[in-house]
Amino acid sequence: MIEGFSFSGEAVDAVRSDIQRDGFAYIRHSIPSAILAWLRLECVQVKAAAKRAEGSGELAYRSSLAPLGDFGKKILKEQAFSEVLELIFGRSFEYCEDASCYTYYDEGDFLDPHLDGADNCEVTLLLYLDASEPGPDPGASGLYLTLYGSDGESETKAIETAAEGMMIGYGSRVMHGRKRLAAGEHIWMLTACFTSGGDEVELSSAD
Ligand SMILES: [Fe+2]
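Given the structure is predicted, the values throughout are model-derived calculations rather than measurements. (Residues numbered from 1 in each chain as written. Predicted model: local features only at pLDDT ≥ 70, side-chain atom pairs only at ≥ 80, totals over all residues.)

Student: Quick rundown of the packing of helix H2 (residues 33-47) against helix H3 (residues 70-89)? Include the residues and the values.
Tutor: At their nearest, the axes of H2 and H3 sit 8 Å apart, and the two run at 140° to each other. As judged from the angle between their axes, H2 and H3 are oblique. Taking contact as the criterion, the partners of Ile35, Trp38, Leu39 and Glu42 in H2 are, on H3, Phe71, Gly72 and Ile75. Considering only residue class, the contact of H2 with H3 consists of 5 nonpolar, 1 polar and 1 charged. (Axes fitted to C-alpha atoms, helices over the stretch in contact; angles between N-to-C directions. Helix = DSSP H or I, 4+ residues; strand = E, 2+ residues; numbered from the N terminus. Parallel < 35°, antiparallel > 145°, perpendicular 65-115°, else oblique. Contact = placed C-beta atoms within 7 Å. Nonpolar A, V, L, I, M, F, W, Y, C, P; charged D, E, K, R; others polar.)

The following block contains the structure:
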């Protein structure tokens, strides 16, 4: 098995408190380099076969999606599950393969405010694999995950999106979205969904 995810006790505490306060936490430089390299490779390999995903109804969005390959699935099932989710939330989760994929946002792509479906995506894990530099203004750049109040209109926070980091949180409870990506911007990520497995696991610090 290649080097896994690893967090200091301090980092775990900070993530837990961010999730408690905002519903989401961003953990910068948290994808181990070997995992990042292999996921990037797979993400780039399957991009040619990615399908446009576009909606203009109740939820407006535009991006491209491709199914995970063997490596992406393996990381989610064998490592992210135990080394990230159980560690942070202190309970077990089930990985929803149907709701997990590689997601590509390029110039002009966006995702309007929404909640993820609690039945297959109680907790969301976004592994940011490749991204351009975010512009300084969160209102004019798609390289931020914007969090909203329950009305879906008042913006409560914009969390920078940078490669090598991960976002984790209650996508089913806190409205979130991504503004339209500006010229030259891109963010390619692994988007994974989990639901509660129900079993409590012992809460502990990572180190
Ligand atoms: Fe979402």
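Picking up where we left off.
Student: Outline the nonpolar core, listing residues and values.
Tutor: In terms of nonpolar packing, the biggest core is built from 51 residues, with Leu85, Leu125, Leu127, Tyr128, Leu129 and Met166 touching the most fellow members. Secondary-structure elements contributing two or more residues to this core are strand E1 (24-27), H2, H3, strand E5 (101-105), strand E7 (123-131), strand E8 (144-148), strand E10 (166-169) and strand E12 (187-200). In terms of residues, this core owes the most to one element, H3, which gives 9 residues. Setting aside residues no more than four positions away along its own chain, Met166 makes contact with Ile27, Ser30, Ile31, Leu125, Leu126, Leu127 and Tyr128. (Core = buried A, V, L, I, M, F, W, Y, C linked by C-beta atoms within 7 Å. Buried ≥ 20, exposed ≤ 12 C-beta atoms within 10 Å, placed from the backbone.)

Student: Account for helix H1 (residues 9-22), with residues named and values stated.
Tutor: For H1, with 14 residues, the first-to-last C-alpha span of 20 Å sits near the 20 Å given by 1.5 Å per residue. Immediately downstream of H1, the backbone of Gly23 shows phi near 90°, a positive value. (Expected span 1.5 Å × (residues − 1).)

Student: Residues and numbers for the environment of Asn120, please.
Tutor: Relative to the helices and strands, Asn120 resides in the loop between strand E6 (110-114) and E7. Along the primary structure Asn120 and Ser172 are separated by 52 residues, whereas in three dimensions their C-alpha atoms are 9.2 Å apart. Among residues more than four places away in sequence, those in contact with Asn120 are Cys96, Asp98, Ala99, Cys193 and Thr195.

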